[in-house]
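This is what each chain is made of:
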Amino acid sequence: MITVDMINVQAIPIGSNLTLYTTTAVILLDGEGNRILAKYYGNKNAYPTPKEQKVFEKGLFDKTRRANGEIILYDNHVVLYRSNIDVFFYVVGSVEENELLLSTILNAFYDAVSSLLRHQVEKRTIADNLDLVVLALDETIDDGIALETDSNVIVSRVTRPRTDTTDIPITEQTFIQAYHTARERVTERLLRGV
């Protein structure tokens, strides 16, 4: 059993950034700087209103649209970004955040989206499949916490087929599911003449 006396509190530097909350925002902008998708995380969000978010996104786009890098420091945030045809992917973290971790998150999310969209990562395809992109983002990050960094796992979770309700015991089904299951069984028996 570990007691409080056994823990060496002095081994942890004061002010160290020991948190699971790695990401403050994930943003997808089109080639003109318009928002396709944006999720801001955290209770201490630096941009709580949509107006402040738009100003941040506009400034971020203006700073990165012609740049050839992958990482910038913008408005006291570390921003990793990646562009493809007419879409810019941004992962935003605090100044103290590990850039390699943010890069891993960005690459996992981008690769998952690319796989889900059959390597056609462009504005029109993302707009047509926004549900899959949002699900991939939710499987990658939840409330600023990195959940998964393997793009293959993210893709498999997003594309997992729904379980057939007839395989679920009737006691564990919702009322609507139970109704549909019962209706299917009655229809089946009537068609067989039993």
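How each quantity is defined
- Residues numbered from 1 in each chain as written.
- Predicted model: local features only at pLDDT ≥ 70, side-chain atom pairs only at ≥ 80, totals over all residues.
- Heavy atoms only, no water.
- UniProt positions renumbered as here; feature names shortened; annotations may be inferred.
- Helix = DSSP H or I, 4+ residues; strand = E, 2+ residues; numbered from the N terminus.
- Buried < 20%, exposed > 50% of the residue type's maximum accessible area, 1.4 Å probe, protein only.
- Pairing = 2+ DSSP bridges.
- Axes fitted to C-alpha atoms, helices over the stretch in contact; angles between N-to-C directions.
- Contact = heavy atoms within 4.5 Å.
- Parallel < 35°, antiparallel > 145°, perpendicular 65-115°, else oblique.
- Left-handed = near helix turned anticlockwise from the far one by under 90°.
- Nonpolar A, V, L, I, M, F, W, Y, C, P; charged D, E, K, R; others polar.
- Salt bridge = Lys/Arg side-chain N within 4 Å of Asp/Glu carboxyl O.

The chain is annotated in an unreviewed UniProt entry as Coatomer subunit zeta of Gigaspora margarita. UniProt annotates the chain under Sequence similarities (unreviewed entry) with the comment "Belongs to the adaptor complexes small subunit family." Turning to the chain, the UniProt record has this under Subunit (unreviewed entry): "Oligomeric complex that consists of at least the alpha, beta, beta', gamma, delta, epsilon and zeta subunits."

Okay, unusual backbone geometry next. One non-glycine residue with positive phi stands out, namely I85, at about 50°. Within the fold, I85 resides in the loop between strand 4 (77-84) and strand 5 (87-94).

For a regular strand, the rule is simple: side chains alternate between the two faces of the sheet. For strand 5, the tally of buried residues reaches seven of eight residues, placing the bulk of the element in the interior. By the bridge criterion, six bridges tie strand 1 (residues 25-30) to strand 5 in an arrangement that is antiparallel. Bridge pairing links L29 to F88 in strand 5. Joining the antiparallel neighbours strand 4 and strand 5 is a turn of two residues, in which I85 adopts a positive phi near 50°.

Moving on, we get to the sheet that holds strand 2 (residues 35-40). Read from one edge of the open sheet, five strands run 2-1-5-4-3, paired in antiparallel fashion. Looking at the sheet topology across the chains shown, the edges are occupied by strand 2 and strand 3 (71-74). Neighbour-to-neighbour, the strand axes of the sheet open up by a mean angle of 20°, direction not taken into account. On the sheet, helix 2 (residues 99-116) packs against strand 1, strand 3, strand 4 and strand 5 and is oriented at approximately 30° with respect to strand 4. Sheet strands touched by helix 4 (residues 130-140): strand 1 and strand 2. Its angle to strand 2, the strand with the most contacts, is close to 25°.

Let us now look at the packing of helix 2 against helix 4. At their nearest, the axes of helix 2 and helix 4 sit 10 Å apart, and the two run at 150° to each other. By the criterion of interaxial angle, the relationship of helix 2 to helix 4 is roughly antiparallel. Regarding helix 2 and helix 4, the two cross each other, and that crossing is right-handed. Counting all contacts with helix 2, which are made through I105, F109, V113 and L116, the residues of helix 4 involved are L132, V133, A136, L137 and T140. Among the residues making up the contact of helix 2 with helix 4, the classes are represented as eight nonpolar, one polar and no charged.

Okay, the pattern of salt bridges next. The full count for this structure, using the stated rule, is eight salt bridges. Measuring nitrogen to oxygen at the nearest pair gives 2.8 Å for the salt bridge that ties R35 to E57. In this pair, R35 is assigned in strand 2 and E57 in helix 1 (residues 50-64), connecting sequence segments 22 residues apart. Exposure remark for R35: the relative accessible area of 32% places this residue in the partly exposed category. The exposure class assigned to E57 is buried, which follows from its relative accessible area of 1%. Here K39 ties to D138 by a salt bridge, and the two come within 2.5 Å at their closest N and O atoms. Here D138 lies in helix 4 and K39 lies in strand 2, a separation of 99 residues in the sequence. One continuous salt-bridge network, built from bridges that share partners, spans E139, E148 and R157.

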